[in-house]
Amino acid sequence: MKLPLGRQQILNVLSVDVEECFHATEVSGSDDGSRYTPSLVEPQTEQVLELLARHGVSATFFMLGKVAEKHPRLVQEIAKQGHEIGCHSYAHSLVYDLTPHEFREDTKRAVGCIEDACGLTPRIYRAPSYSITAKSLWALEILVELGFTHDSSIYPIRHDRYGIPGFGRNARRYETPSGGIYEVPIATARISSNRLVPVGGGGYLRLLPYCYTAAGVRRINDSESQPACVYFHPWELDPDQPRLTSSLVSTIRTYYGLRSMAGKLERLLSDFAFGPLTAVHPVEQPDLSLVR
Ligand SMILES: [Zn+2]
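Calculation criteria
Residues numbered from 1 in each chain as written. Predicted model: local features only at pLDDT ≥ 70, side-chain atom pairs only at ≥ 80, totals over all residues. Heavy atoms only, no water. Donors = N, O, S within 2.8 Å, 3.2 Å for Na, K, Ca; no water. Buried < 20%, exposed > 50% of the residue type's maximum accessible area, 1.4 Å probe, protein only. Salt bridge = Lys/Arg side-chain N within 4 Å of Asp/Glu carboxyl O. Helix = DSSP H or I, 4+ residues; strand = E, 2+ residues; numbered from the N terminus.

Draft legend 1. Representation of the coordination of the zinc ion. Coordination of the zinc ion by the protein is provided by Glu19 (OE), His88 (NE2) and His92 (NE2), with metal-donor distances spanning 2.0 to 2.1 Å. Sequence spacing among the residues donating to the zinc ion works out to E-x68-H-x3-H. Grouping residues by exposure puts His88 and His92 together as buried.

Below you can see the structure in the form of structure tokens.
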């Protein structure tokens with residue numbers, strides 16, 4: 001997409017949730033994926049790194065602690081290529097299935113694994129399957145207490161597994177009793193006064209024609225002058241991965257469109273400007289609530 005001369009492109013957030021294909025929530029009952037498939041996360045993530053390098057784009061890579069623990073060289077390579085390192089939990093347990101104590105321990109363990117792998121302390125968090133919902137909002141306070149500055153775990157839509165309908169669509173500081181954290185919701189587009197549709201997910205890019213995601217990001221950038229937050233997983237670019245789902249809905253959600261995904265990402269990276277999360281939403285934000 002060529003913009004008219006003098007018109008600046010808005011920098012959008014590009015994020016990658018780094019996990020094995022058997023960690024995906026739709027692939028239920030296969031937590032110990034080594035029983036089902038050998039590890040594929042290294043070649044899959046290297047494909048993503050190659051694609052981003054070709055487009056000169058940096059992104060935020062949310063690392064699963066288990067992956068960092070088993071593949072420290074991969075985390076080092078991602079950091080070496082100039083990408084931002086975030087935390088995607090240790091074991092990919094859904095936050096609303098954990099107690100606050102279990103969530104704290106899981107997060108601390110993930111941070112330790114990522115630190116051990118690359119020497120960096122992640123300060124940005126993304127919950128497995130966007131599982132910070134109305135019933136697990138307490139997690140944000142724990143993230144503040146553990147030193148996180150940003151969270152990107154809330155999808156402000158209605159969905160069977162995640163989402164907080166009515167949560168603000170734009171990034172903002174969220175106050176907890178222990179302090180504030182900058183919340184960066186996944187991109188949505190407003191198509192009518194009472195209807196929002198999801199835009200920022202890899203699944204939507206995979207399952208729907210490219211023009212759906214492109215039109216959504218364009219609407220957010222051009223009509224609202226806001227950045228969009230987009231994510232995908234390395235396994236979404238691998239059409240040859242083993243099929244591990246057990247229901248038709250999960251099979252469609254997980255495996256449909258794998259072959260077209262790399263091409264769609266190429267187009268997205270060509271048509272829009274992307275960067276890491278804290279490049280779009282820096283740690284030090286002016287307190288807009290004081291501006292009248
Ligand atoms: Zn995940």
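Draft legend 2. Broad picture of the pattern of salt bridges. Tallied over the full model, the rule gives twelve salt bridges. Close ionic contact of Glu46 with Arg73 constitutes a salt bridge, the shortest N to O distance being 2.8 Å. In this pair, Glu46 is assigned in helix H1 (residues 41-55) and Arg73 in helix H3 (residues 72-80), connecting sequence segments 27 residues apart. Here Glu46 falls in the partly exposed class, since its relative accessible area comes to 34%. A relative accessible area of 41% places Arg73 in the partly exposed class. Among the salt bridges present, the one from Lys108 reaches Glu105, with a minimum N-O distance of 3.5 Å. Of this pair, Lys108 and Glu105 both sit in helix H4 (residues 100-118), three residues apart, roughly one helical turn. For Lys108, a relative accessible area of 42% translates into the label partly exposed. A residue is classified by how much of its surface remains accessible, and Glu105, at 35% relative accessible area, is partly exposed.

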